[in-house]
Amino acid sequence: MELMINGQEADLSDFQADELAQAVLISLFSWRKSEVDDGIKAPKRQGWWGDTFAIVQGDRIGSRLWLLQREKLVPSVLRRAKDYAEQSLQWLIEDRIVERVVVEAKRAGTNQLDLYVICYKPHSERAFDAVFKDIWG
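A short tour of the structure in this document, coming up. (Residues numbered from 1 in each chain as written. Predicted model: local features only at pLDDT ≥ 70, side-chain atom pairs only at ≥ 80, totals over all residues. Heavy atoms only, no water.)

## Things to note about the pattern of salt bridges
- Under the counting rule described, the total for this entry stands at 5 salt bridges.
- Here Asp 38 makes a salt bridge to Arg 64, at a shortest N to O gap of 2.7 Å. With a gap of 26 residues between them, Asp 38 in the loop between helix 1 (19-29) and helix 2 (75-94) and Arg 64 in the loop between helix 1 and helix 2 connect regions that are remote in the sequence.
- A relative accessible area of 22% places Asp 38 in the partly exposed class. (Salt bridge = Lys/Arg side-chain N within 4 Å of Asp/Glu carboxyl O. Helix = DSSP H or I, 4+ residues; strand = E, 2+ residues; numbered from the N terminus. Buried < 20%, exposed > 50% of the residue type's maximum accessible area, 1.4 Å probe, protein only.)

This is the structure we're talking about:
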């Protein structure tokens with residue numbers, strides 16, 4: 001996966017200094033447990049075992065992007081990738097860390113999915129801008 005943070009090429013070590021960047025990375029690329037209607041049967045539903053003991057009922061870490069790894073990159077899959085990414089980042093808004101999050105999923109080439117994520121602090125101040133290229137590469 002190639003990373004661009006705030007318009008600059010980055011690597012995973014760049015996330016260590018930025019708590020918001022770390023939160024976004026963990027939220028997007030940790031495997032969230034699949035939903036019952038996702039078509040995955042137990043015990044292969046993945047997810048972090050700690051979610052079983054969440055303080056807030058139903059609170060989960062990560063995203064369901066992993067469900068799309070073997071799918072063809074058709075428009076419906078791009079929509080699901082966007083939805084899964086937004087779902088995984090929603091807690092940032094609920095916990096008032098950011099005011100809003102904008103996510104875009106784009107196809108690049110025949111089998112590359114890129115995610116564009118922008119997080120805004122209150123008053124539309126851009127706090128974080130990242131491009132995750134070829135998220136399964």
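Now that the structure is up, let's keep going.
## Details of the layout of surface pockets
- Roughly 340 Å³ of internal volume is contained in the largest pocket.
- Surrounding the largest pocket, 19 residues form its lining, Asp 59, Arg 60, Ile 61, Ser 88 and Trp 91 being those nearest its centre.
- For the lining of the largest pocket, the elements supplying multiple residues, two or more each, are helix 1 and helix 2.
- Among the elements that line the lining of the largest pocket, the one with the most residues is helix 2, at 5 residues. (1 Å grid on protein atoms, 1.4 Å probe; cavity = no way out; pocket = protein on both sides within 12 Å on 5 of 7 lines; lining within 4 Å. Points joined across faces, edges and corners; volume = space filled by probe spheres on them.)

## Quick word on helix 1
- Those residues of helix 1 lying buried are Leu 20, Ala 21, Ala 23, Val 24, Leu 25, Ser 27 and Leu 28.
- Of the surrounding elements, those touching the buried residues of helix 1 are helix 2, strand 4 (112-121) and strand 5 (125-133). (Contact = heavy atoms within 4.5 Å.)

## Section: the pairing of strand 3 (residues 100-108)
- Across 9 bridges, the pairing between strand 3 and strand 4 is antiparallel. Across the sheet, residue Lys 106 finds its bridge partner in strand 4, namely Asp 114.
- The hairpin turn running from strand 3 into strand 4, its antiparallel successor, is 3 residues long, and Gly 109 in that turn takes a positive phi close to 75 degrees. (Pairing = 2+ DSSP bridges.)

## Things to note about a nonpolar patch on the surface
- A cluster of nonpolar side chains, contributed by Ile 26, Trp 48, Trp 49, Phe 53 and Ile 61, occupies part of the molecular surface with about 620 Å² of accessible area.
- Following the sequence through the fold, Trp 49 ends up in the loop between helix 1 and helix 2.
- For Trp 49, a relative accessible area of 62% translates into the label exposed. (Patch = residues over 30% accessible without salt bridge, like charges linked within 9 Å, V, L, I, M, F, W, Y side chains within 5 Å. Areas by Shrake-Rupley, 256 points an atom, 1.4 Å probe, with all protein chains shown as cover.)

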